[in-house]
Structure formats: C-alpha cells, structure tokens
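Summary of structural features
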Amino acid sequence: MKILVGKNYDRVSEMTANIIATKVKEKPDAVLGLATGGTPKGVYKRLIAMYNDKKIDFSKVKTFNLDEYYGLSSNHPQSYAYYMKTNFFDYINIKEENAHIPDGLAQDIDEECHRYEQAIKDCGGIDLQLLGIGHNGHIGFNEPDDALHTSTHLVNLHEKTISANSRFFGKDEEVPRQAITMGIGSIFGADEIVLIASGEDKAEIIAKMINGQLSSKLPASMLQIHKSLTIIIDEPIQKHLYAEGVLKEQLKVV
Ligand code: PGA
C-alpha cells in the first residue's frame, strides 16, 4: 500500500489525474474503473483540461463505472450515467459504446449483473480502478454487512448512505433504496487501485481502513491486501493519521 499526500483537494485531484493520464499514455486502450460522488469531480475536471490541451486521448479507452442506482433511467439527473455524461464523458472523445455503467432499469437483475461482469472480463479486466470512500467505509455501493459479495450485485443501501444522498433528491421518498454495484471481487480484479479522499470528515474512516482488521463491516479494509493500492489523501487527513499514530511519520506533502 502506498500513501501520497496532496496539500489540498486540488492537489489530490491533480495527482490522481496525472496517474490516470500516465496509464492512458502507456496503454491507449486502457480499461479504467470509474467512480462517482463529490470527490472524483476534480479529477474529471483535470482530465478534461488535459484533453483540451491535447495531452490525453480517450478514443480507445474503455471505462466501467462502479455502480448505478436501481430504478433510475440513464437520463435521470441523479443517475450515475447522467453524472458521468455531465461531469466527464460529454467533454472528452470517449466512444459511447466504450463507456459502461450498470443499467438501472434492467428488468432481469441477475442477467444484468452477469452481463456487466462478463463485459469487464471481455475487455481483459480493469487496468486502473479509481475509488472514493463512503463515511461508513463503503466502496462502490458495497455497504458494511455480515458478508461481502464478490461480483456485481443488487444491494440495499444503508440508512446512512440514503440520508447522505438525500440532499441530491427533492423528496426523501425519491431517494433510491437499492443500487447495482460491482462487488469486492470485481474491484479487486483491477491491476491497480487508486483511492482518493479529501477533507477532515474522511480522516476517521481512512484511519480505520488502513489500520483496522479486515472486515466485511468495513468493506474498504479489504483493500489493504490488494497488490497495488495507492491512497491519495490531503494534508488535513494526514494530520489526523499522524496524531492517531496510524502514520509513524509525516509524509512529504506534494
Ligand atoms: P463522496 O462519496 O466522494 O461524495 O464523499 C464517496 C463514496 O461514497 O464513495
């Protein structure tokens, strides 16, 4: 596990975008695993700027998003398909058929989950997976539970997640209660994982993720044993990790 520290959110975004850009330069047909939420928005902004400066070409890149709300169509403003379009895909030259997101309106869930897993395999697996982390330690929508699912599956969202997401929806009853998410095994299959977190409110869960026991009650803890995990945090998180003794020494802030 490697930990990198950026001074602030902008630096975290820039460092992450640079890692992704380097991967795409090395391998123009790279398969990227992508995440939604507030944290990755800065990464997408940076990548769009690099694309506009002709420093990166997405014409052969394939992407797989971690998750999608169950019951939302791809043009629902709160769907993750819509998020990806409006925060990233509409501004780069990725081919529509190369950008994969689970179908939130799939009639046959089992078939959709199977299709998604197979599509990842057919592309040769994920080269680089970008992750955020929820305050409850979820990755994708793999919520704390008695057991973890390996592959793409339908999940009941936790109250904490539903209330965290309710700010984006008009009425509480409109917040989806279920989602389709890649499983821990699907995420683990990635050659390289980059998890990003910024803001002091994420410090405690990052500390638990790095230092805690591997547990299905803290899905992100499983990443401790991934062969190539990079965690990119900001300075306030590093301060907390150091104060708590999770980091024995302060790392250089880039
Ligand atoms: P956030 O979400 O970036 O909006 O905090 C992260 C997550 O829930 O995975």
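Since we're looking at a predicted model, the values are computed, not measured.

Structural notes on the site of the ligand
As a structural note, the neighbourhood of the ligand is formed by Gly37, Gly38, Thr39, Gly132, Ile133, Gly134, His138 and Lys202. At 2.8 Å from an oxygen atom of the ligand is found a main-chain nitrogen or oxygen belonging to Gly38. A distance of 2.4 Å is found between an oxygen atom of the ligand and a side-chain nitrogen or oxygen belonging to Thr39. In the shell around the ligand, the residues fall into 1 nonpolar, 6 polar and 1 charged.

So, the pairing of strand β7 (residues 153-156)
Side chains His153 and Val155 project from β7 onto a buried face, and the interleaved Leu154 and Asn156 project onto a face without burial. In this structure, β7 lies alongside strand β8 (residues 178-181), joined through 4 bridges in antiparallel fashion. Bridge pairing links Val155 to Ala179 in β8.

Comments concerning the UniProt feature "domain: Glucosamine/galactosamine-6-phosphate isomerase" (unreviewed entry) in the protein
With numbering matched to this structure, UniProt assigns "domain: Glucosamine/galactosamine-6-phosphate isomerase" (unreviewed entry) to residues 11-227. Taken end to end, residues 11-227 is 33% helix and 14% strand, and its two terminal C-alpha atoms sit 25 Å from one another.

Regarding the packing of aromatic side chains
Centre-to-centre distance and the angle between the planes together describe a pair of aromatic rings. The tally for this structure, following the rule as stated, stands at 10 aromatic pairs. With 5.5 Å between their ring centres and 85° between their planes, Phe58 and Phe88 make a pair best called edge-to-face. Placement of the pair is Phe58 in the loop between α2 (41-52) and β3 (62-65) and Phe88 in the loop between α3 (80-87) and β5 (99-100), with a sequence separation of 30 residues. Here Phe88 falls in the buried class, since its relative accessible area comes to 1%. Their ring planes at 40° and their centres at 5.8 Å tell us that Tyr69 and Phe141 sit as a pair that is tilted. In this pair, Tyr69 sits in strand β4 (residues 67-69) while Phe141 sits in the loop between β6 (128-131) and β7, placing the two residues 72 residues apart along the sequence. Residue classification places Tyr69 among the buried positions, given a relative accessible area of 2%.

Here we look at the sheet that holds β8
Spatially, β4-β8-β7 is the arrangement adopted by the 3 strands of the open sheet, whose pairing is antiparallel. Each edge of the open sheet carries a strand with a single partner, namely β4 and β7. Going from strand to strand, the sheet's axes swing by 30° on average, the running direction of each strand aside.

A look at the layout of surface pockets
If you add up the space inside the largest pocket, you get close to 790 Å³. As for the largest pocket, its lining consists of 37 residues, of which Thr36, Gly37, Gly38, Asn165 and Arg167 are closest to the centre. When contributions to the lining of the largest pocket are tallied by element, the ones reaching two or more residues are β4, α3 and α5 (159-165). Class assignment for the residues of the lining of the largest pocket results in 14 nonpolar, 17 polar and 6 charged. Here the second largest pocket is characterised by a volume of approximately 410 Å³. In this structure, the second largest pocket is lined by 19 residues; those nearest its centre are Ser74, Ala81, Glu96, Ala99 and Ile101. Those elements that place two or more of their residues in the lining of the second largest pocket are α3 and β5. Looking at the lining of the second largest pocket residue by residue, the classes come out as 7 nonpolar, 4 polar and 8 charged.

Cut-offs and rules
- Residues numbered from 1 in each chain as written.
- Predicted model: local features only at pLDDT ≥ 70, side-chain atom pairs only at ≥ 80, totals over all residues.
- Heavy atoms only, no water.
- Near = heavy atom within 4 Å.
- Polar contact = N/O pair within 3.5 Å; in protein donor to acceptor, adjacent residues only side chain to side chain.
- Nonpolar A, V, L, I, M, F, W, Y, C, P; charged D, E, K, R; others polar.
- Buried < 20%, exposed > 50% of the residue type's maximum accessible area, 1.4 Å probe, protein only.
- Helix = DSSP H or I, 4+ residues; strand = E, 2+ residues; numbered from the N terminus.
- Pairing = 2+ DSSP bridges.
- UniProt positions renumbered as here; feature names shortened; annotations may be inferred.
- Phe/Tyr/Trp six-rings, centres within 6.5 Å; stacked < 30°, edge-to-face > 60°.
- Axes fitted to C-alpha atoms, helices over the stretch in contact; angles between N-to-C directions.
- 1 Å grid on protein atoms, 1.4 Å probe; cavity = no way out; pocket = protein on both sides within 12 Å on 5 of 7 lines; lining within 4 Å.
- Points joined across faces, edges and corners; volume = space filled by probe spheres on them.

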